[in-house]
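# Inside the fold
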Amino acid sequence: MHVRLLGPVDVVVDGGARPVHGVRRRAVLAALALHGGEVVSTSRLAGAVWGETAPPTAVNTLQSHVSYLRNVLGSKAAILARPPGYVLDLGGDHTDVQLAERLLRQGTQSADPVHGAQHLQAALALWRGRPMADLAGSAWLEEQAERLDLFRVQIKRALFGARLAAGEHVQLIPDLDRMAAGHPLDEHIHAQLMLALYRSGRQADALAVYHRLRHTLDEELGIDPGKALRDLETAILRQDPELDAPTPAAASHLSSPAAASHTGSPAAASHTGSPAAASPEMPIPAQLLAAVPAFAGRDAELARLNAVLPAVAEAGLPAPAVVIVAVSGTAGVGKTALAVHWAHQVADRFPDGQLHVNLRGFDPGGPALEPGEAVGRFLDAFGVPVARIPAGLPAQAALYRSLLAGKRVLVLLDNARDVAQVRPLLPGSPGCLAIVTSRNHLTGLVATEGAYPLTLDLPTAAEARDLLACRLGAARIASDPDAVDDLIAGCARLPLALTIAAAHAATNPSFPLAVFATELSEATRALDPFHGGDLATDVRAVFSWSYRALSTDAAWLFRLLGLHPGPDIAIAAAASLAAIPPERARALLAELTGAHLLSEPVPGRYAFHDLLRAYATEQAHTHDSRDSREAATRRVLDHYLHTAHSAAMLMEPYLDPIALVPPRTGVIVGEPATADDAVCWFTAEHATLLVAVQLAANAGRGTHAWQLAWTLSTFLLRRGLWNDQAMACKTGLDAARRTGDIAGEAHSLHRLALGYARSGRIRDAYPLFRRALRQFGTIGDHVSQAYVHVNLGWLAERQHPADALSHALRAQDLYRAADHRAGQAMVLNEIGYSHALLGHYQQALTYCQRALAAIQELGARSWEEATWDSLGYIHHQLGDHQQAITCYQRSLDLCRERANRYNEAGTLDRLGDVHHSAGELAAAGRVWTHALRIFDEIDHPDGDQVRAKLHASSMAVTAVL
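So, here's what we can say about the structure. In this text, all values refer to a predicted model and were calculated from it rather than measured experimentally. (Residues numbered from 1 in each chain as written. Predicted model: local features only at pLDDT ≥ 70, side-chain atom pairs only at ≥ 80, totals over all residues. Heavy atoms only, no water.)

## Overview of the sheet that holds strand β14 (residues 605-607)
The antiparallel open sheet is built from three strands, whose spatial order is β12-β14-β13. Because the sheet does not close on itself, it has two edges, and the strands there are β12 (569-570) and β13 (599-602). As paired elements, β13 and β14 share two bridges and run antiparallel to each other. Within the sheet, the bridge partner assigned to valine 602 lies in β14 and is arginine 605. (Pairing = 2+ DSSP bridges. Helix = DSSP H or I, 4+ residues; strand = E, 2+ residues; numbered from the N terminus.)

## What about the sheet that holds strand β11 (residues 452-455)?
Note: strands within a sheet are paired through backbone hydrogen bonds, in either parallel or antiparallel orientation. Strand order in the open sheet formed by five strands is β8-β9-β10-β7-β11, and the pairing between neighbours is parallel. Taken across any chain shown, the strands that pair with only one partner, and hence form the sheet edges, are β8 (354-358) and β11. The mean inter-strand angle of the sheet, taken between neighbouring strand axes irrespective of direction, is 15°. Relative to β11, strand β7 (residues 323-328) runs parallel, the two being bridged by four bridges. (Axes fitted to C-alpha atoms, helices over the stretch in contact; angles between N-to-C directions.)

## Quick notes on the nonpolar core
By size, the foremost hydrophobic cluster in this structure holds 104 residues, and its most contacted members are Trp342, Leu561 and Phe682. Non-local contacts of phenylalanine 682, meaning those with residues more than four positions away in its chain, are made with Ala644, Ala647, Ala648, Met651, Leu689, Thr711, Leu712 and Phe715. Judged by nonpolar contacts, the second largest core, of 54 residues, contains Leu6, Val72, Leu88 and Ala145. (Core = buried A, V, L, I, M, F, W, Y, C linked by side-chain atoms within 4.5 Å. Buried < 20%, exposed > 50% of the residue type's maximum accessible area, 1.4 Å probe, protein only. Contact = heavy atoms within 4.5 Å.)

## A short note on helix α4 (residues 96-109)
A rise of 1.5 Å per residue sets the reference length of α4, with its 14 residues, at 20 Å; its end C-alpha atoms lie 20 Å apart and thus fit the reference within 8%. Restricting attention to buried positions, one finds in α4 the residues Asp96, Val97, Gln98, Ala100, Glu101, Leu103, Leu104, Gly107 and Thr108. (Expected span 1.5 Å × (residues − 1).)

## Structural notes on the pairing of β8
Summarising burial for β8: four of the five residues are buried, a large majority. Direction of pairing for β8 relative to strand β9 (residues 410-416): parallel, over a ladder of five bridges. Bridge pairing in β9 links leucine 355 to valine 411.

## Comments concerning the packing of helix α20 (residues 461-472) against helix α22 (residues 481-490)
Where α20 meets α22, the closest approach of the two axes is 10 Å, and the angle between their N-to-C directions is 105°. Comparing their axes, α22 and α20 come out roughly perpendicular. Residues Ala461, Ala464, Arg465 and Leu468 of α20 form the contact with α22, whose participating residues are Pro481, Val484, Asp485 and Ile488. Considering only residue class, the contact of α20 with α22 consists of six nonpolar, no polar and two charged. (Parallel < 35°, antiparallel > 145°, perpendicular 65-115°, else oblique. Nonpolar A, V, L, I, M, F, W, Y, C, P; charged D, E, K, R; others polar.)

## Quick word on a negative patch on the surface
The grouping of Asp218, Glu219, Asp224 and Asp893 at the surface amounts to a negative patch. Structurally, aspartate 224 can be placed in the loop between α9 (203-221) and α10 (227-238). The class for aspartate 224 is exposed, based on a relative accessible area of 54%. (Patch = residues over 30% accessible without salt bridge, like charges linked within 9 Å, V, L, I, M, F, W, Y side chains within 5 Å. Areas by Shrake-Rupley, 256 points an atom, 1.4 Å probe, with all protein chains shown as cover. Salt bridge = Lys/Arg side-chain N within 4 Å of Asp/Glu carboxyl O. Lys, Arg positive; Asp, Glu negative; His and termini not counted. Charge placed at Lys NZ, Arg CZ, Asp CG, Glu CD.)

## A word on the packing of helix α8 (residues 187-199) against α10
For the pair α8 and α10, the least separation of the axes is 10 Å and the interaxial angle reads 10°. It follows that α8 is roughly parallel to α10 by the angle criterion. Every residue of α10 that contacts α8 at Glu187, Ala191, Met194 and Tyr198 is listed here: Leu229, Leu232, Glu233 and Ile236. Across the contact of α8 with α10, the residue classes tally to six nonpolar, no polar and two charged.

## Details of the packing of aromatic side chains
Under the counting rule described, the total for this entry stands at ten aromatic pairs. When the ring of tryptophan 681 is compared with that of phenylalanine 682, the centres are 5.3 Å apart and the planes differ by 70°; the resulting orientation is edge-to-face. Pairwise contacts between aromatic rings join Tyr547, Phe558, Phe608 and Tyr615 into one cluster. Looking at arginine 25, its charged tip hangs above the ring of tyrosine 68, at a distance of 3.9 Å from the centre. When the ring centre of tryptophan 710 is taken as reference, the NZ or CZ atom of arginine 751 above it lies at 5.2 Å. (Phe/Tyr/Trp six-rings, centres within 6.5 Å; stacked < 30°, edge-to-face > 60°. Lys NZ or Arg CZ within 6 Å of the ring centre and 35° of its normal.)

Okay, structure coming up:
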């Protein structure tokens with residue numbers, strides 16, 4: 001008896017198929033079967049059946065469906081009630097999916113490629129059509145169907161690998177050709193096709209496959225083939241003997257995944273059936289924090305964690321679903337330590353990488369990490385260029401999950417705030433493991449995603465003793481058991497406090513433990529008036545004890561770090577905070593790290609545990625005067641403002657600088673050397689900068705607030721972080737208004753309007769541009785007035801081209817009045833494009849050619865990009881299609897160089913218009929499809945007009961046919 005999912009859902013009993021009547025009954029059966037003998041909660045079943053519209057009677061209805069299914073299966077024991085839901089218990093390979101998994105395992109592990117191919121062919125024969133084809137409408141089940149489709153592709157690739165290893169290269173070519181046509185971006189399939197062609201004596205055809213794929217990757221994604229494929233091309237050109245068809249003996253050797261993993265040959269990477277070889281060359285991230293030294297206790301918790309691992313299949317084999325573990329517990333109880341320790345223990349099961357991020361869900365020093373920022377870090381870890389990272393969170397999450405498809409990756413999401421922060425970061429590929437830690441229970445993650453909950457309580461007294469023994473030695477612990485008990489009681493058994501106490505005792509190995517127990521007791525009594533009745537305040541005594549052991553300078557820096565606005569801090573910022581040289585700051589930070597009062601999660605960046613940050617802030621307000629605290633805050637704001645301004649000017653060298661407030665004495669101003677350095681600095685610091693804008697505004701430093709927002713704006717817009725950019729500019733605008741700073745108000749209005757315009761909020765942008773224009777006029781800032789006119793002209797281009805020309809001419813007058821050479825060069829293009837929109841093509845061509853010459857002389861790449869785009873439009877209107885395509889291609893190259901996704905999509909849209917006018921409908925469709933994908937990725941409404949063009953083009957082709 002087993003359930004079939006690889007086609008319409010039904011049940012096979014005694015060799016005969018039994019239909020399951022009713023879509024919802026089939027959905028319940030499929031959900032139970034897909035979980036492979038695991039308990040499925042009633043809430044998860046309700047989600048699979050009804051989605052988000054489950055009726056109040058869902059539980060009773062599920063009971064009725066289960067009763068029906070038991071009758072179909074012929075046994076009441078087939079589906080057992082197990083809190084919090086049900087489990088399908090049929091034994092053995094109780095679904096065709098499990099049978100296919102077993103056959104894949106046998107096929108890839110067989111020493112004989114012919115025998116392995118037979119297993120793999122048997123696996124493919126289980127498919128009777130689209131998996132669960134009769135269950136359309138359930139989002140979760142549709143996702144599972146897509147997973148099974150990918151699983152089928154995985155089996156096909158493994159089968160092709162086995163047949164290549166068996167010497168069937170000639171017979172394989174037609175199948176591989178069809179597979180490559182159906183998967184035009186799959187490098188592994190193309191590598192197998194190249195190898196089959198080469199072994200069949202068709203070297204030229206093999207190279208033609210490579211060049212075709214390279215062209216497709218460039219057209220569709222703007223990337224080159226991976227290293228493995230490039231190496232294979234080189235080997236084919238050299239006619240490398242390692243590419244020759246294996247002898248029968250060699251074939252048996254090469255079919256072994258273990259053997260394939262020990263060779264660097266591109267041929268071996270191509271013909272093995274190992275799933276690890278199926279992906280293009282990408283970095284394998286290893287982001288786990290260092291293994292926890294002297295980890296002790298938690299045996300019961302580790303056993304529970306290990307119990308979930310059978311749900312993760314053996315390395316290299318498919319699994320029924322992603323495994324998610326949700327570890328919850330109070331602050332300082334050791335959630336991160338447990339998660340990191342266990343992650344290191346099981347990391348070898350996830351050979352495709354380990355990802356880690358601190359989500360800062362409860363950081364008192366700043367906001368929680370946005371999911372989009374976390375996804376961006378993961379994409380960067382896999383080597384995805386910044387230019388290819390889409391702006392919108394849904395598109396970023398989709399790209400992230402696509403990268404993980406077919407891989408085995410461990411993802412550690414530490415310190416999560418809530419389920420909404422976690423959900424976009426969960427992998428979607430079966431065989432992956434996600435470990436989530438949080439102070440909250442994340443019930444929604446358990447109910448909806450089927451996460452395994454683990455609540456971490458305080459360790460037992462025995463476990464606390466083991467922790468101290470691991471750090472101080474068993475002999476020292478045994479020498480004074482009463483003192484150890486006092487230490488444990490004074491630390492409230494909280495692992496964070498115990499670790500700090502142990503560090504203090506370890507630095508004084510000759511002192512009896514009774515000395516430390518007495519000190520802790522005295523510290524506890526001194527802080528009794530401040531006791532708040534919870535663990536956070538109970539451990540204040542432990543913190544104060546370690547704090548008093550610091551040198552005077554280290555204690556001072558510790559207090560000042562509590563005033564820092566961001567989640568972590570670099571050495572230059574810490575030096576500015578304390579007005580000390582960077583070398584001295586580095587030494588003091590090392591002292592704090594050695595005392596476990598600070599951590600260094602990334603080399604050169606330092607962070608607090610949030611309890612310690614709260615304690616440091618409390619100490620600063622207790623021991624340091626208000627003037628001292630305000631001076632430190634002013635210095636660190638100066639550091640961020642001046643460094644951010646330098647970085648912004650490197651990213652946009654022709655941006656007019658703003659007049660900054662001079663930095664105070666002792667401030668370290670960073671100066672990135674290149675534009676890439678500037679981007680890296682902003683990437684590391686922008687979360688802190690966003691908090692710094694708010695800090696400056698709250699502290700009454702309006703100039704710092706709006707200028708920080710101004711410097712940060714360029715980076716945020718380039719990354720497509722529309723909400724962050726708007727929030728920063730609004731904060732800066734409010735701060736400038738409170739202080740009566742007209743220039744600050746004008747710049748903030750302009751930047752806020754620019755963000756609205758770039759994100760498609762045209763109606764919101766227009767009045768802000770108008771108000772900024774009036775404000776700049778009030779203070780006589782002609783250059784900024786001209787820039788606003790340029791932007792107003794851009795808004796007017798589509799519906800009122802005459803107004804666009806008027807704004808461009810007004811901008812030209814203002815740039816001339818200010819003797820602004822760069823602005824005068826740039827505005828020539830605006831005038832030319834406005835003329836083109838009015839049909840004055842010869843005038844337009846003259847202006848844009850003059851603009852191009854002047855801009856190239858200045859080296860302004862962003863304006864050169866826009867001018868090539870204008871020339872493409874003009875040549876299109878003049879009927880010179882080839883010249884238009886050339887100009888648009890030059891503009892696209894510059895867009896991609898600068899990672900300007902919005903402009904790239906717009907230029908692709910217009911390039912598609914040229915192809916369409918030239919009668920090249922297929923080319924137009926490809927280019928418009930690429931443009932639409934980008935617009936959708938950055939969540940921009942301009943995609944609607946491209947979608948309409950694609951629809952109209954498709955209808956026209958259908959009419960012709």
